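Fold and contact review
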Amino acid sequence: MKTFLLITFIFTNIIFSQKMKENWVPIATKGSDKVYIDIAGLENFTGDDIFVWALTEHATPITIESIESKISKTKSYYLLNKRLMKYSILYIIYYDNANNVLASYDYNRNTNVEVYQYNYPIWENTVEYKILKKCLEIIDKAKSK
């Protein structure tokens, strides 16, 4: 039992001590909202799937029927597939102008079936397209070093 606890303690410390500091970079958008992605650890992605946090600062606060306060920021966790050119939002957090969390929603699905894994197409000149392009730029830059 002591060995199990020791192994659990060591494993937990290794996992939690490797937290990465966020590194937000802007995404060029034509709209008035400001969009950023967290590129910390992004250079380690291989394969077709990319997971990335995006933060949208709304120029004009938005409203959603199920949330009483106005939303100033939205933080979204994306799953992007560069081969299929599709994406899903796995998690979303809404903030007010004082950075208080108003609501959060978990849309993560435990499936490997492509039809269920990716909900939306990535169209050219959309925010998601620009996020994917920036992610690929960061990944390619890291590979060329």
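Predicted model, so just to flag it, every value in this text is computed and none were measured. (Residues numbered from 1 in each chain as written. Predicted model: local features only at pLDDT ≥ 70, side-chain atom pairs only at ≥ 80, totals over all residues. Heavy atoms only, no water.)

**A few points about the pairing of strand β4 (residues 67-81)**
Pairing analysis gives 11 bridges linking strand β3 (residues 49-64) to β4, with the strands arranged antiparallel. Paired with E57 across the strands is K73, a residue of β4. Taking the residues between adjacent antiparallel strands as the criterion, β3 and β4 are bridged by two residues. Linking β4 to strand β5 (residues 86-95), which pair antiparallel, is a turn of four residues; within it M85 sits at a positive phi near 55°. (Pairing = 2+ DSSP bridges. Helix = DSSP H or I, 4+ residues; strand = E, 2+ residues; numbered from the N terminus.)

**A short note on empty space enclosed by the protein**
Counted under the stated rule, the structure contains one cavity of 30 Å³ or more. Lining the largest cavity are F45, T46, G47, D49, I50, K82, I139 and K143. Of all the secondary structure elements, the ones that give two or more residues to the lining of the largest cavity are β3 and α3 (127-143). In terms of residue class, the lining of the largest cavity is made up of three nonpolar, two polar and three charged. (1 Å grid on protein atoms, 1.4 Å probe; cavity = no way out; pocket = protein on both sides within 12 Å on 5 of 7 lines; lining within 4 Å. Points joined across faces, edges and corners; volume = space filled by probe spheres on them. Nonpolar A, V, L, I, M, F, W, Y, C, P; charged D, E, K, R; others polar.)

**As for the nonpolar core**
The biggest cluster of nonpolar side chains holds 18 residues, and the ones touching the most others in it are I37, L42, V52, L80, I131 and C135. Mapped by element, the contributors of at least two residues to this core are β1 (24-27), β2 (34-38), β3, β4 and α3. A total of five residues in this core trace back to one element, the largest contributor, which is α3. Once residues lying within four places of it in the same chain are set aside, the contact partners of V52 are I37, D38, L42, S76, Y77, Y78, L80, I131 and C135. Membership of the second largest hydrophobic core comes to five residues, among which are I67, I92, Y94 and A103. (Core = buried A, V, L, I, M, F, W, Y, C linked by side-chain atoms within 4.5 Å. Buried < 20%, exposed > 50% of the residue type's maximum accessible area, 1.4 Å probe, protein only. Contact = heavy atoms within 4.5 Å.)

**So, the confidence of the model for the protein**
Mean pLDDT over the protein works out to 87, with 86% of the residues at or above the 70 mark. A low-confidence stretch, residues 1-17 (pLDDT under 50), is modelled with zero contacts involving residues beyond four sequence positions or located in other chains. (pLDDT = per-residue confidence, 0-100.)

**Let's talk about the pattern of salt bridges**
Scanning all chains against the criterion turns up four salt bridges. We note a salt bridge from E114 to R83, for which the minimum N-O separation is 2.7 Å. On the criterion of sequence distance, the pair formed by E114 in helix α2 (residues 114-117) and R83 in the loop between β4 and β5 is long-range, its members being 31 residues apart. On the basis of relative accessible area, E114 is assigned to the partly exposed category, the value being 37%. (Salt bridge = Lys/Arg side-chain N within 4 Å of Asp/Glu carboxyl O.)

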